[in-house]
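# Commentary on secondary and tertiary structure
Single-letter residue listing:
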Amino acid sequence: MSVVDLVATAVGLPQAWSSRGLGRVGAACVKVLRMDGLPLEEERHAADEALIVLDGRLELEVDGTPVPVRAGELYLVPAGTPHAVRPGSTGTLVVLELEGD
């Protein structure tokens, strides 16, 4: 695989919150997406999930508590933890998660 410009890839996606799989690291899938300020419903995963904000800001709500994640920061969502995206999340997000989770 060649070098991937993550921000350019996210900007080029046809829809916000529609991720593009870039590859795998072991059992984990590496995805990139563009956030557009709109909220997303609460979800839970069977495995841990890593959220890395490249630029902008991710406004999470984790188990009912607001958690802002800024550019250059990583948030690890433990398996089974309810989390949602609050309004105001914008920028580029990299997600590492088990495929199908």
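Heads up: these notes are all about the structure in this document.

Rules and cut-offs
- Residues numbered from 1 in each chain as written.
- Predicted model: local features only at pLDDT ≥ 70, side-chain atom pairs only at ≥ 80, totals over all residues.
- Heavy atoms only, no water.
- Helix = DSSP H or I, 4+ residues; strand = E, 2+ residues; numbered from the N terminus.
- Rg over C-alpha atoms; globule rule 2.2 N^0.38 Å.
- Buried < 20%, exposed > 50% of the residue type's maximum accessible area, 1.4 Å probe, protein only.
- Contact = heavy atoms within 4.5 Å.
- Areas by Shrake-Rupley, 256 points an atom, 1.4 Å probe, with all protein chains shown as cover.
- Lys, Arg positive; Asp, Glu negative; His and termini not counted.
- Charge placed at Lys NZ, Arg CZ, Asp CG, Glu CD.
- Core = buried A, V, L, I, M, F, W, Y, C linked by side-chain atoms within 4.5 Å.
- Salt bridge = Lys/Arg side-chain N within 4 Å of Asp/Glu carboxyl O.
- Pairing = 2+ DSSP bridges.
- Polar contact = N/O pair within 3.5 Å; in protein donor to acceptor, adjacent residues only side chain to side chain.

## Some remarks on the overall build of the chain
Secondary structure summary: the chain contains one helix and eight strands in total. Along the chain, helices (α) and strands (β) appear in the sequence α-β-β-β-β-β-β-β-β when read from the amino end. Taken over the C-alpha trace, the chain has a radius of gyration of 13 Å; the compact-globule value for 101 residues is 13 Å, and the two agree within 12%. Overall, the chain is about 40 × 30 × 25 Å in size when its C-alpha atoms are taken along their principal axes. Here the chain holds 101 residues, and 39% of them are scored as buried. The long-range fraction of contacts in the chain, counting pairs at least 24 apart against all pairs at least 6 apart in sequence, stands at 60%. Put simply, the chain shows about 5,600 Å² of open surface, and 54% of that area lies on carbon and sulfur atoms. Positive and negative charge centroids in the chain, built from 8 and 15 side chains respectively, lie 4 Å apart.

## Considerations on the nonpolar core
Grouped together as the largest cluster of nonpolar side chains are 15 residues, with contacts concentrated most on Trp 17, Leu 51, Leu 58, Leu 60 and Leu 93. When residues of this core are traced back to their parent elements, those giving at least two are β2 (28-36), β4 (49-62), β5 (65-70) and β8 (90-98). Here this core gets five residues from one element, more than from any other, and that element is β4. Beyond its immediate chain neighbours, meaning those up to four positions away, Trp 17 contacts Leu 33, Arg 34, Met 35, Asp 36, Leu 38, Leu 40, Leu 58, Val 85, Ser 89 and Leu 93.

## Re the pattern of salt bridges
What the rule picks out here adds up to three salt bridges. Its salt-bridge partner being Glu 59, residue Arg 57 comes within 2.4 Å of it at the nearest N-O pair. Residues participating in the shared-partner salt-bridge network are Arg 57, Glu 59 and Arg 86.

## A closer look at the pairing of β8
Across a regular strand the side chains alternate sides, sitting on one face of the sheet and then on the other. Examined bridge by bridge, β2 and β8 share nine bridges and lie antiparallel to one another. Bridge pairing in β8 links Met 35 to Gly 91. Sheet analysis places β4 next to β8, joined by seven bridges and oriented antiparallel. Across the sheet, Arg 57 pairs through a bridge with Thr 90, a residue of β8.

## Side note on the environment of Glu 43
Relative to the helices and strands, Glu 43 is located in strand β3 (residues 40-43). Sequence-wise, Glu 43 and Trp 17 are 26 residues apart; in three dimensions their C-alpha atoms are separated by 14 Å. In this structure Glu 43 touches Glu 49, Thr 81, Pro 82 and His 83, once residues within four positions along its chain are discounted. Within the local environment of Glu 43, its side chain forms a polar contact with the side chain of His 45, the two groups lying 3.1 Å apart.

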